[in-house]
Amino acid sequence: MSTDQQTVPDRTPPSLDARVVAALGSAQRPPRASALVSSLTFGWRALLKIKHVPEQLFDVTMFPIMFTLMFTFVFGGAVSGSPGEYLQYALPGILVQTVVFITMYTAMTINTDIEKGVFDRIRSLPVWRPSLLVGALLGDTLRYLMASSIVLLVGTAIGYRAPGGLGGVVLAVALLLVFCFSLSWLWLILGLKLRTPNAVMGVAMMVLFPLTFVSSVFAPPETMPGWLQAFVDVNPVTLLVEAARGLMNGDSRPGDVLVVVVLAVVVTGVFAPIAMRIYNRKS
Amino acid sequence: MDHLAIETDGLVKLFGRNRAVDGVDLAIASGGVHSVLGPNGAGKTTVIRMLATLLVPDGGTARVLGHDVVDEAAEVRSRVALTGQFASLDEDLTGAENLVLLARLYGYSRRAARERASELLSAFDLDDAAAKQVKAYSGGMRRRIDIAGSIVVRPDLMFLDEPTTGLDPRSRNQVWEIVRALVGAGTTILLTTQYLEEADQLADRISVIDHGRVIAEGTSGQLKASVGAGSVKVRVADPSDRDEVARLLAESLDASPVLESDASAMTIRVDDPSAVAGALHRVGEHGLVVSEYALGQPSLDEVFLALTGKPPADRTDPTDRADQEVPA
């Protein structure tokens, strides 16, 4: 084909046929999108989905508010003597629990893409292959930030004050994001492997409930039976909560934070390649 | 072009114990439309998914535009486009957003991507739907936006997986028109379909596939010739004449009529359509009245019957074979 545009008489509208040919003719091939651009483009897609399907933010906003209020006023008095005192103990834990729960949407999103056929289209494009996953994680990060802000705002409104100051809170949220990023790779594997979004939801609940409740999120482990304590002590969520609590309380032990960072790096190092391998060979 | 658009040698894909694709050999030249025709579950989509680098073959080799689909997958991906069987765009996004997204992924700048998207939307008659979510599109609009998404960058080879399944006739004709336009502009198209008519309308050559194997290949004329010219359906004015008319037609056309449940209707296979007029004339000479007749092309069912000895509907159940023994 020459680069000449198809000429069409101006008095009659061109036929579908002629317009399609014209649109094809002008399709020049731009240089390949860089890894950064393609990842950001998928991140943009995640933002558009939030814009078009605001319902998906319902969980992000309602769960944190519900959890914060419910636990403070229902358990507060019983566990710590007063809701106010309990809030000081539990808010960092509620923050962690809320955001860790939201991580399962990573699996839901990718699973829905596979089901709808979007996945095939994307995988047949000449783009840097991990960019779909990286872009999705960028969108998730935004969701985590929104949920964190809501928990902190609601907590502050009902009387929470962080002894560690704003700096401590920001560091705690940053640590939480690092942890959730690594956890997302596990969710990606689950999202790629399971058949339907419902199955993903079921498995996610089975994993998340014990992981977040059998931890030091809601109550100090000292009152639990020894065998349970043994699990609570090695539960990654406990490690994360203790580190976040330390940062927000202003009495952080550097070792706690380091453990979480190392854990996140190890989880990412092991599961990211597995997720990518499954992604590349997904049938 | 000096190489074939698609060349496969003994391509195999297993799903558990099921040999979904069981040794497919294809040699498809550049330019024009090549159709892969077969019933549901024959392995058409699996073949396309392997050629589009979405599935790794379990055996055999495949080269697309001269590049191996496994070792040079990235090269293949940059030169082909896939329009899947189901709308493969994001239903939650608008048509325009979907095309901008694809254009950005193909490397267009933000501004060029927007321009390209609006150019494609008007080319495909979708201006009015640009700002609507794809989930609100009709079946025909979905196919169009899907195909538009495949030519954001002009592909050398395009895979169309059952592009008209489930479309109304008008939308189907639009898709056919678009396919012809793409071919006219030099894109090679591999199209899968369940409909012989579609393959007949569009394809230069057809591969018939069943149970993961290519069971016949040729032009549509060659395939039809292999199953006879088709059949003639006849209705008599008076049902009591049917047996006599059937006898006369059987003599003239040298085939046995199949009497239908409608007491005045029958169908007869014909190898030579030009003999039908004479045969009907002879019925008239005997004072019998034929109220209706129609010469039909062979259907996919008939092609299958001829090629495999059983109709496509029963291919999954081998125990049905005995029931298919129709007296000749």
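In every chain, residue numbers begin from 1 and rise along the written sequence. The naming scheme follows written order: chains are lettered A onward, ligands numbered 1 onward. Reporting of local features is limited, given that this is a predicted model, to residues whose pLDDT is at least 70; pairs of side-chain atoms are given and counted only at 80 or more, and all residues count toward the totals for whole chains, interfaces and linings. As a rule here, side-chain values come from all non-hydrogen atoms in the structure, and water together with hydrogens is ignored.

1. Observations regarding the interface of chain B and chain A
Part 1 of the reasoning: Throughout, a contact is declared for two residues whenever any of their heavy atoms are within 4.5 Å. In this assembly, 48 residues from chain B lie in contact with 42 residues from chain A.
Part 2 of the reasoning: A 1.4 Å probe defines the accessible area here, and the buried area is the portion of it lost by two parts on being joined, summed over both. Of the roughly 4300 Å² buried where chain B meets chain A, counting both sides, 60% is carbon and sulfur surface.
Part 3 of the reasoning: Per-residue buried area on chain B facing chain A is highest for Arg77(B), Leu105(B) and Arg154(B); these three make up 16% of the total on that side.
Part 4 of the reasoning: Salt bridges are defined by distance alone: a side-chain nitrogen of Lys or Arg within 4 Å of a carboxyl oxygen of Asp or Glu. Here chain B and chain A share seven salt bridges between them.
Part 5 of the reasoning: Linking Glu91(B) and Lys116(A) is a salt bridge whose minimum nitrogen-to-oxygen distance equals 3.4 Å.
Part 6 of the reasoning: The definition of a polar contact used here is a pair of N or O atoms within 3.5 Å, where within protein one atom must be able to donate a hydrogen and the other to accept one, and adjacent residues in sequence count solely through side-chain atom pairs. Linking chain B with chain A are ten residue pairs in polar contact (both at pLDDT 80 or more).
Part 7 of the reasoning: Elements with a contribution of two residues or more to the side of chain B that touches chain A: β6 (80-83), α3 (95-105), α4 (110-123), α5 (139-150) and α6 (169-184) of chain B.
Part 8 of the reasoning: If one sorts the elements of the side of chain B that touches chain A by residue count, α3(B) sits on top with six residues. Numbering of helices and strands starts at the N terminus; helices are DSSP runs of H or I of at least 4 residues and strands are runs of E of at least 2.

2. Quick notes on the confidence of the model for chain B
All names here are of chain B.
Part 1 of the reasoning: With 91% of its residues at a pLDDT of 70 or more, chain B has an overall mean of 85.
Part 2 of the reasoning: Within a predicted model, pLDDT stands for the predictor's per-residue confidence, ranging from 0 to 100. For chain B, helix α11 (residues 300-308) is the element with the lowest average pLDDT, namely 71, and α3 is the one with the highest, namely 95.
Part 3 of the reasoning: When the criterion is pLDDT under 50, residues 313-328 qualifies, and its contacts beyond four places in sequence or with other chains add up to twelve contacts.

3. Examining the pairing of strand β9 (residues 205-210) of chain B
Residue and element names in this part refer to chain B.
Part 1 of the reasoning: Residue exposure (1.4 Å probe, protein chains only): buried if accessible area is under 20% of the type maximum, exposed if over 50%, otherwise partly exposed. Counting buried residues along β9, five of its six residues qualify, which places the element largely inside the surrounding structure.
Part 2 of the reasoning: For two strands to be treated as a pair, DSSP must find at least two bridges joining them. In this sheet, β9 lies alongside strand β3 (residues 33-37) in parallel orientation, the contact comprising four bridges. Counted as the bridge partner of Val36 is Ser207 from β9.
Part 3 of the reasoning: Across five bridges, β9 lies against strand β10 (residues 213-218) in antiparallel orientation. Bridge pairing links Asp210 to Arg213 in β10.
Part 4 of the reasoning: Hairpin connection from β9 to β10: two residues lie between these consecutive antiparallel strands, with His211 at a positive phi of about 50°.

4. Here's the deal with the confidence of the model for chain A
Residues and elements named next belong to chain A.
Part 1 of the reasoning: This prediction gives chain A a mean pLDDT of 85; 93% of its residues lie at or above 70.
Part 2 of the reasoning: Helix α1 (residues 16-25) is the least confidently modelled element of chain A, averaging 75 in pLDDT, while helix α11 (residues 236-249) averages 93, the highest of any element.
Part 3 of the reasoning: Across residues 1-11, confidence stays below pLDDT 50; counting only partners more than four residues off in sequence or on other chains, it has nine contacts.

5. Describing the domain arrangement of chain B
Part 1 of the reasoning: What the domain assignment reports for chain B is domain 1 (6-225) and domain 2 (228-297).
Part 2 of the reasoning: The C-alpha-based centres of domain 1 of chain B and domain 2 of chain B are spaced at 42 Å. The split into domains, and so the bounds of each, comes from an automatic or database assignment of domains.

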